[in-house]
Amino acid sequence: MDQIQITNLLYLIAAIGFIVGIKRLSHPRTARSGNFLASLGMLVAIIATLTSGTNFDWPLIGLGVGIGSILGILVAIRIQMTQMPQMVAIFNGLGGAASALVASAAYLSGSDSSYIIMCMSVLIGTLTFSGSFVAFGKLQGFISGKAITFTGQQAINALIFGSAMALLTVHNFNLLPDDTIFYTITALALMLGIGLTIPIGGADMPVVISLLNSYSGIAATATGFLLGNNALIISGSLVGASGLILTNIMCKGMNRSLVNVIFGAVGSESSSDASIQKEMNIKSYSTIEAAMILDAAEKIIIVPGYGLAVAQAQHVAREVADTLEAQGKKVLYAIHPVAGRMPGHMNVLLAEANVPYDLLKDLDEINPEFEDCDVALILGANDVVNPAARHDQSSPIYGMPILNVDKARTVIINKRSMNPGFAGVQNELFGYDNSIMVFGDAKDMLNDLLKELREL
Amino acid sequence: MEINIINLITIFILAVFVGNEIINKVPPTLHTPLMSGSNAISGIAIVGALLAITADGELSTYFGLAALICATINVVGGFLVTDRMLKMFKKK
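Keep in mind that what you see is a predicted model, and the values were worked out from it rather than measured. (Residues numbered from 1 in each chain as written. Chains lettered and ligands numbered in written order. Predicted model: local features only at pLDDT ≥ 70, side-chain atom pairs only at ≥ 80, totals over all residues.)

1. Description of the sheet that holds strand 5 (residues 410-415) of chain A
All names here are of chain A.
Thought 1: The six strands lie next to each other as 3-2-1-4-5-6, forming an open sheet whose pairing is parallel. Lying at the two open borders of the sheet, with one neighbouring strand each, are strand 3 (360-362) and strand 6 (435-439). Within this sheet the neighbouring strands show an average axis-to-axis angle of 25 degrees, counted without direction.
Thought 2: Alignment of strand 1 (residues 299-304) against strand 2 (residues 330-335), held across four bridges, turns out to be parallel. Looking at the pairing, I301 lines up with L332 of strand 2.
Thought 3: Across the sheet, helix 14 (residues 314-326) lies against strand 1, strand 2 and strand 4 (375-379), angled at about 175 degrees from strand 1, the strand it touches most.
Thought 4: Packing against the sheet, helix 15 (residues 345-352) makes contact with strand 1, strand 2 and strand 3, and its axis sits at approximately 145 degrees to strand 2. (Pairing = 2+ DSSP bridges. Helix = DSSP H or I, 4+ residues; strand = E, 2+ residues; numbered from the N terminus. Axes fitted to C-alpha atoms, helices over the stretch in contact; angles between N-to-C directions. Contact = placed C-beta atoms within 7 Å.)

Right, here's the structure in full:
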């Protein structure tokens, strides 16, 4: 076997590591070993590369790997679970940047690869980079989390994209120098990434993160085509597919199409519907009364929303659940697909609070359970439990799959105030006959509840 | 090295199908680790970055270095944080 064959064989082994690694993510029991296997695959890919050439600048490689490793370890250790969406946004951006930089390096070194592929690779990588950093800024609160829209926005984005494509076509006629076209396309891609991300905000952020995740994979694939490298093509495709599938799941969770998320800018609509509020008869209960209802219940379903995580109350929620379980009651958790700020976010936040994963039930699993459930305890969730989504065609959330908490015998809702949720819609559930409200900060309320339950 | 574009497209299409199959089997509870893990895998650009860092000392080498730093953060940070999360998932 010659050197090229050995290298390609090692790349194949690396790809198998990634594929089997992701396959093992199909169950929490095997997931950790899967992640380890994927990291071994990456090691094999790196070794394959370093044994394939002879002209490496070793000190510089050591420097790059050293700096990157230190930063990577710091981020991995220090990041809080609530900040996971921000971290993924940054990593998406770095992935895009790495691909764009590799393509630029190939261009600068006078690679004989297709000029079009080089430009496409830089275009995708760069727009992933700028888009991801806008998404990060929004999640972190550096820029307004709301959708930023103005008239002609879509026309401008279309113009930027059109110009980039026109420049690629112009290249065939040798009207402009290669350099000019290459750098202009890079600049246009930077603007396009920003332009595509700023009009998306609020509840749509999980979709954007998933979509940018997919882009970072596609950028790696494009770079794979550029270098003729199988490892990049296969890994990039896996990530691209993963991001697209998650994007699709998030869109379904909100009953939106992807086109609607990208061009619809719902996060900004200052809901005119919400102002026409129906009269609602709200029953406000004290924590003691809530504790008494829970004490009499046998089956309880907890519905956590992002508000719970913001208040860092998932730990005390688990203590309440433990206390109820110790009294022989059945406690389950209902997790809506868009409960957190990114796919699966709420599950990680609850796992961090030591909630066993077999108690976390997704939408399809838990909805039939509400009918014979004594108490649904809603903690910081709002739009995902609004029954209007089932029947009120005038509601902006109509058609969105929701958790059918109203089917439970009693619904206890903890909220800080009567402010509407992300979609700006007032929740008719609060006025239902079987609903009671317990106002207050989630953490304080749960601490009180815990005390009352132990005293009863 | 001669690049056969049809072979590359073949590999690409097959990889997309494989990806689609295996990722659809990942349960919602593991979607966040899936994303951070795929962040790490998209750090595969590290391969391209290493190939760009040649001893010629040209400008392209420094682009390669910047790419190497970005990709290494992705690989190291991505796999570590995924492991940190998966460690927390416990059965009752």
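2. With respect to the interface of chain B and chain A
Thought 1: The partner chain A presents 92 residues to the 78 residues of chain B that form the contact.
Thought 2: Where the side of chain B that touches chain A is concerned, the elements lending two or more residues are helix 1 (5-23), helix 2 (31-42), helix 3 (45-52) and helix 4 (59-88) of chain B.
Thought 3: At 29 residues, the largest contribution of residues to the side of chain B that touches chain A is made by helix 4 of chain B.
Thought 4: Per-class residue counts for the side of chain B that touches chain A are 48 nonpolar, 22 polar and eight charged. (Nonpolar A, V, L, I, M, F, W, Y, C, P; charged D, E, K, R; others polar.)

3. With respect to helix 1 of chain B
Thought 1: Its 19 residues give helix 1 of chain B an end-to-end C-alpha distance of 26 Å, which sits within 8% of 27 Å, the value for a rise of 1.5 Å per residue.
Thought 2: Listed as buried for helix 1 of chain B are A15, G19, I22 and I23 of chain B. The buried residues of helix 1 of chain B occupy an angular sector of 80 degrees when the element is viewed end-on, so they sit on one face. Exposed residues pointing more than 90 degrees away from the buried face of helix 1 of chain B are listed as I6, I9, T10, I13 and F17 of chain B.
Thought 3: The secondary structure elements touched by the buried residues of helix 1 of chain B are helix 1 (3-23) and helix 9 (230-253) of chain A. (Expected span 1.5 Å × (residues − 1). Buried ≥ 20, exposed ≤ 12 C-beta atoms within 10 Å, placed from the backbone. Arc of directions from axis to C-beta.)

4. What to know about the pairing of strand 2 of chain A
Thought 1: Two strands pair when backbone bridges link them, and strand 2 of chain A and strand 3 of chain A are joined in this way by three bridges, in the parallel orientation. Its bridge partner being in strand 3 of chain A, A334 of chain A is matched across the sheet by K361 of chain A.

5. Looking at the domain arrangement of chain A
All names here are of chain A.
Thought 1: Per the domain assignment, the segments making up chain A are domain 1 (1-78), domain 2 (97-268) and domain 3 (282-455).
Thought 2: Put simply, the middle of domain 2 and the middle of domain 3, counted by C-alpha atoms, are 38 Å apart.
Thought 3: Each partner contributes to the interface: domain 2 provides 13 residues, whereas domain 3 provides 11 residues.
Thought 4: Contributions of two or more residues to the side of domain 2 that touches domain 3 are made by helix 8 (205-227) and helix 9. (Domains from an automatic or database assignment.)

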